[in-house]
Amino acid sequence: MTETLRRYSEPSTVASLGLTVGERWRRTRLSLSGRVRGAAFRLARRHPAGWRWLAGWYHPVFDRLAAANADAVCALAALDVPAYRDFLRARPSAVRRRLADFPETDKENYVVPYAAARRCWGGRLPVRGVVVDESAGSSGRPFNWPRGERELRVVHHDIAGYTSLVFPMRRPFVINAYSMGAWATGTTTGTAMARIAVVKNTGPDLGKIIDTLHEFGPDFDYLVTAYPPFLKHLRDRLDADGFPWSRYRISASCGGEGMTEALRGYLEERFRRVRSAYGASDLTIGVGAETRFTVWLRRRLWTDPEVRAALLGVDEQRLPMVFQYNPLATYLETNERRELLCTVTSLDVLQPRLRYNVGDEAVLLPYPRIVEVLRGAPDRWAECRAALASERMTLPVLLLFGRRDSTVSYLGANLYPQDVEYGLYAGNPYAAEISRFCLALAEDEALETRPVVHIELRRSLAEPVRDALAAACRTGVRRHLAAVSRDFAQSLTEDPTAGELRVELHEAGTGPFAGQQKIKNVYLVG
């Protein structure tokens, strides 16, 4: 207990950093210029209307300003953050004049070795006005992330501005179904949404949400915020209860994990629109977000080989999530492995994120480059202009493939959970019976290793229905994998038995789903 308290309250002074007179002057100059830039940016996005203006009229010249901001933040942290100063000393360099000269940070090389206070500006963790978020622990252990008052206000402004642009509502009522525990998304979303709407923080409780909808009736414009799997649970439960969807105006905002277009299509049979956002507890929950344009672009990437090859490369078989992001707030880069690096440029962030590698694979593209490709065909450009008409945003685009290690390797092919989800939901008449799924590799009696798709059922089913569901899932997954994975398709031509995927159905809370919490899905099991 004493060690835990020490890690979160260890004091440090600027003097203890051992700065020279020249370094102290440089620190003062960088800090003042950073505060001036930050104040101007905060003023521009303080009101949702200002946020919408900045997003709609972002110009590539701002990219250079954003890069300069990121440079300055890293240079200032090298003088003012004890942990980062030590981190750089352990990795000597002749000169660090550009952002690329600063080494990457991540959980293992920076967060784990250094106490929380030493990763704060000035080496001090404030004794009040700090909220500590906890990551979900999907990387193997939970981590704690302190956030200060000014940092949270910036996040709240961003969420409110984005929501007012993408979900225009006359009488907004937000049902916040994210977890209300120590995780960042739930509490932050609830507070931010209160700036622009009536908010009820139900958490992921189907009963409370249903009661709320009936209690307040169809006169509101509802926005449900939740993880994608929970939105499916909500749709299925409301359908089962005979909910009068046509009388209500309900949209959905989700995050925390990727979402396939098959699942979006399934949800939008009931919800007016479904949009996803990208963030991470160790960064911020508002790194990027979907718009009508990015949703259209993602679907075009799926159906248009020419656009796909021009933007992703001729050999890319996967379909990424597509978001727009603001480099003035979160400056993004990719390394040689296409891993996403993030520098949060605001000095209001209590613990600066400095070229932080969260482990996601991504491609970054400027908005003008995408427009240039789309202008190549009149029909594409007409559709693009229609998508931009109501939610104009000229921000650069983040194409996100997800965690690099979220795959099952089989016969030389990488099987991704997103692709399996497409196969399970697209055109499946039994999709409503699926609660969630996960993947594994298992060895059969002939000592051959086969992929196994484990499916948790929403309810008990008669044997004929179970058999039909398993067959539909097996066929759908095999068909989709053959369409998106050249390696898998080649394996089928060489050995037709390669397509013998196993589908195992489980009652709720049994098998590999026993003991799993339902807030965020676990897609890979041993």
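Residues numbered from 1 in each chain as written. Predicted model: local features only at pLDDT ≥ 70, side-chain atom pairs only at ≥ 80, totals over all residues. Heavy atoms only, no water.

S.K.: Help me understand the packing of aromatic side chains, please; the structure alone is not making it clear to me.
M.R.: One pair of aromatic rings is described through two measures. These are the centre distance and the angle between the planes. According to the stated counting rule, one finds 21 aromatic pairs in the structure shown. Geometrically, the ring pair formed by Tyr178 and Tyr227 is edge-to-face, given 5.1 Å between the ring centres and 80° between the ring planes. Highlighted residues: Tyr178 in the loop between strand E3 (172–176) and helix H8 (184–193) and Tyr227 in the loop between strand E5 (221–226) and helix H10 (228–240), separated in sequence by 49 residues. The exposure class of Tyr178 is buried, given its relative accessible area of 5%. Under the relative-accessibility criterion, Tyr227 is labelled buried at 6%. On the numbers, 4.7 Å between centres and 45° between planes, the contact of Phe243 with Tyr248 is tilted. (Phe/Tyr/Trp six-rings, centres within 6.5 Å; stacked < 30°, edge-to-face > 60°. Helix = DSSP H or I, 4+ residues; strand = E, 2+ residues; numbered from the N terminus. Buried < 20%, exposed > 50% of the residue type's maximum accessible area, 1.4 Å probe, protein only.)

S.K.: Would you mind going over the pattern of salt bridges with me for this structure?
M.R.: Note that side chains of opposite charge can pair when their charged atoms are close. For the coordinates displayed, the defined rule picks out 35 salt bridges. One salt bridge connects Asp241 with Arg237, and the closest N-O pair in it is separated by 3.2 Å. Taking the relative accessible area as the measure of exposure, Asp241 reaches 47% and is therefore partly exposed. A single salt-bridge network, built from bridges that share partners, covers Glu261, Arg264, Glu268, Arg275, Glu290, Arg298 and Arg299. (Salt bridge = Lys/Arg side-chain N within 4 Å of Asp/Glu carboxyl O.)

S.K.: I'm lost on empty space enclosed by the protein in this one. Help?
M.R.: Once rolled over the atoms, a probe with the size of a water molecule shows which space is left empty. This model, assessed by the stated rule, comprises six cavities of 30 Å³ or more. Approximately 170 Å³ is the volume attributed to the largest cavity. Counting residues per element, the lining of the largest cavity draws most heavily on helix H7 (residues 149–166), which supplies four residues. Along the lines of polarity and charge, the residues of the lining of the largest cavity split into six nonpolar, four polar and three charged. (1 Å grid on protein atoms, 1.4 Å probe; cavity = no way out; pocket = protein on both sides within 12 Å on 5 of 7 lines; lining within 4 Å. Points joined across faces, edges and corners; volume = space filled by probe spheres on them. Nonpolar A, V, L, I, M, F, W, Y, C, P; charged D, E, K, R; others polar.)

S.K.: Teacher, can you tell me more about the packing of helix H13 (residues 305–312) against helix H14 (residues 367–374) here?
M.R.: The packing of two helices is summarised by the inter-axis angle and the distance between the axes. At a minimum axis separation of 10 Å, H13 and H14 run at an interaxial angle of 150°. For the element pair H13 / H14, the angle class is roughly antiparallel. Here the hand of the crossing between H13 and H14 comes out right-handed. Here H13 contributes Val307, Ala310 and Leu311 to the contact with H14, which in turn contributes Arg369, Ile370, Val373 and Leu374. In the contact of H13 with H14, the residues fall into six nonpolar, no polar and one charged. (Axes fitted to C-alpha atoms, helices over the stretch in contact; angles between N-to-C directions. Parallel < 35°, antiparallel > 145°, perpendicular 65-115°, else oblique. Left-handed = near helix turned anticlockwise from the far one by under 90°. Contact = heavy atoms within 4.5 Å.)

S.K.: What is the right way to read the side chain of Asn428 from this model?
M.R.: By the secondary structure assignment, Asn428 is in the loop between helix H16 (417–425) and strand E16 (434–443). The class for Asn428 is buried, based on a relative accessible area of 10%. For Asn428, the residues in contact, after removing those within four places along its chain, are Ile434, Leu469, Ala472 and Cys473.

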